[in-house]
Amino acid sequence: MGKNMRIGFGYDVHRFIEGRSLILGAVKVPYVRGLAGHSDADVLLHAVCDALLGAAGEGDIGKHFPDTSIEFKDISSLKLLRRVLLILKDKGFAVNNVDSTIVAQEPRLAESIPEMVDNIAAVLEVDKGAVNIKATTSEGLGFVGRVEGISAYAVAIIQGKKVKR
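Residues numbered from 1 in each chain as written. Predicted model: local features only at pLDDT ≥ 70, side-chain atom pairs only at ≥ 80, totals over all residues. Heavy atoms only, no water.

1. Concerning the overall build of the protein
A tally of helices and strands in the protein yields 5 helices and 7 strands. For a compact globule of 165 residues, the expected C-alpha radius of gyration is about 15 Å, and the protein comes in at 16 Å, within 12% of that figure. Across its three principal axes, the protein shows a C-alpha extent of roughly 50 × 35 × 25 Å. Going through the 165 residues of the protein one by one, you find that 49% of them count as buried. Within the protein, contacts between residues separated by at least 24 positions form 72% of all contacts whose residues are at least 6 apart in sequence. As presented, the protein carries roughly 8,300 Å² of accessible surface, and 51% of it is formed by carbon and sulfur atoms. If the 21 positive side-chain charges of the protein are averaged to one point and the 20 negative ones to another, these points end up 8 Å apart. (Helix = DSSP H or I, 4+ residues; strand = E, 2+ residues; numbered from the N terminus. Rg over C-alpha atoms; globule rule 2.2 N^0.38 Å. Buried < 20%, exposed > 50% of the residue type's maximum accessible area, 1.4 Å probe, protein only. Contact = heavy atoms within 4.5 Å. Areas by Shrake-Rupley, 256 points an atom, 1.4 Å probe, with all protein chains shown as cover. Lys, Arg positive; Asp, Glu negative; His and termini not counted. Charge placed at Lys NZ, Arg CZ, Asp CG, Glu CD.)

2. Brief notes about the environment of Lys73
Looking at where Lys73 falls in the secondary structure, it is placed in the loop between helix 2 (61-64) and helix 3 (77-90). With 35 residues separating them in the primary sequence, Lys73 and His38 have C-alpha atoms 5.2 Å apart.

3. Things to note about the side chain of Ser77
Here Ser77 shows up in helix 3. Residue classification places Ser77 among the buried positions, given a relative accessible area of 0%. Contacts of Ser77, omitting those with residues within four sequence positions, involve Ser39, Asp40, Asp42, Leu45 and His46.

4. With respect to the pairing of strand 6 (residues 131-136)
Where strand 5 (residues 94-103) lies against strand 6, 6 bridges are found, and the strand directions are parallel. Bridge pairing links Thr101 to Lys134 in strand 6. A crossover links strand 5 with its parallel partner strand 6, the connecting element being helix 4 (residues 113-124), and its sense is right-handed. (Pairing = 2+ DSSP bridges. Right-handed = clockwise from strand over helix to strand, strands pointing away.)

5. Looking at the packing of helix 1 (residues 43-55) against helix 3
The geometry of a pair of packed helices is captured by two quantities: the angle between their axes and the separation between those axes. Where helix 1 meets helix 3, the axes come as close as 10 Å, and the angle between the chain directions of the two elements is 10 degrees. Judged on the interaxial angle alone, helix 3 and helix 1 are roughly parallel. Two secondary-structure elements touch here, helix 1 through Leu45, His46, Val48, Cys49, Leu52 and Leu53 and helix 3 through Ser77, Leu78, Leu80, Leu81, Val84, Ile87 and Leu88. Each residue belonging to the contact of helix 1 with helix 3 can be placed in one class, and the counts come to 11 nonpolar, 2 polar and no charged. (Axes fitted to C-alpha atoms, helices over the stretch in contact; angles between N-to-C directions. Parallel < 35°, antiparallel > 145°, perpendicular 65-115°, else oblique. Nonpolar A, V, L, I, M, F, W, Y, C, P; charged D, E, K, R; others polar.)

6. A look at the nonpolar core
Core analysis: the largest hydrophobic core is formed by 52 residues, its most contacted members being Leu24, Leu52, Leu81, Met116, Leu124, Ile133 and Ile150. The set of elements that each furnish at least two residues to this core consists of strand 2 (22-24), strand 3 (27-29), helix 1, helix 3, strand 5, helix 4, strand 6 and strand 7 (149-163). Residue contributions to this core peak at 10 residues, all from helix 1. Not counting residues up to four positions away in its chain, the partners in contact with Leu124 are Leu52, Leu81, Leu85, Val95 and Val98. (Core = buried A, V, L, I, M, F, W, Y, C linked by side-chain atoms within 4.5 Å.)

7. Re the side chain of Asp50
Along the chain, the position of Asp50 falls in helix 1. One buried charged side chain, Asp50, makes no salt bridge at all; its nearest oppositely charged neighbour is Lys63, positioned 11 Å away. For Asp50, the contacting residues outside a window of four places in its chain are Phe9, Gly10, Tyr11, Gly59, Asp60 and Ile61. (Salt bridge = Lys/Arg side-chain N within 4 Å of Asp/Glu carboxyl O.)

8. Some thoughts on a nonpolar patch on the surface
On the surface, a nonpolar cluster with roughly 620 Å² of combined accessible area is contributed by Ile7, Phe9, Tyr11, Val13, Phe143, Tyr153 and Val155. Contributing elements (two or more residues each) for the nonpolar patch: strand 1 (2-17) and strand 7. At 4 residues, strand 1 tops the list of elements feeding residues into the nonpolar patch. Assignment of secondary structure puts Val155 in strand 7. (Patch = residues over 30% accessible without salt bridge, like charges linked within 9 Å, V, L, I, M, F, W, Y side chains within 5 Å.)

Here's what the structure looks like:
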């Protein structure tokens, strides 16, 4: 018998818009534009949610938190992440670790990453060392390189009850 270890992958993208704060990892990042979306458009947390839901075989955030629902209008994605954790717990899973990459030509994110890690680790009930966030540019290529938006990727490993082989 061994632990039921599962891996999930998440990806999200949002375009920049005027007149909105930029929220990444539940941190208000100083920048002249924010991201468009039904919720707070936190592209990092959306990718993390999708990775966790995928690992649990639970679809994606669109299934659980549809953008047609007024309940999720302008909601903090940290609240969505809390709900995702409850879905995992209900299925007998706990988070092992999360690794993610934010792809943004602008702004620079290094100073904001420690707070993002703190926020995610606290909600997922894991040590800070179990949450890794990297930031990179796209070397001026594509929609990110043209500073039209930001994308994020995440992988997550969850573990559950022991299973018989």
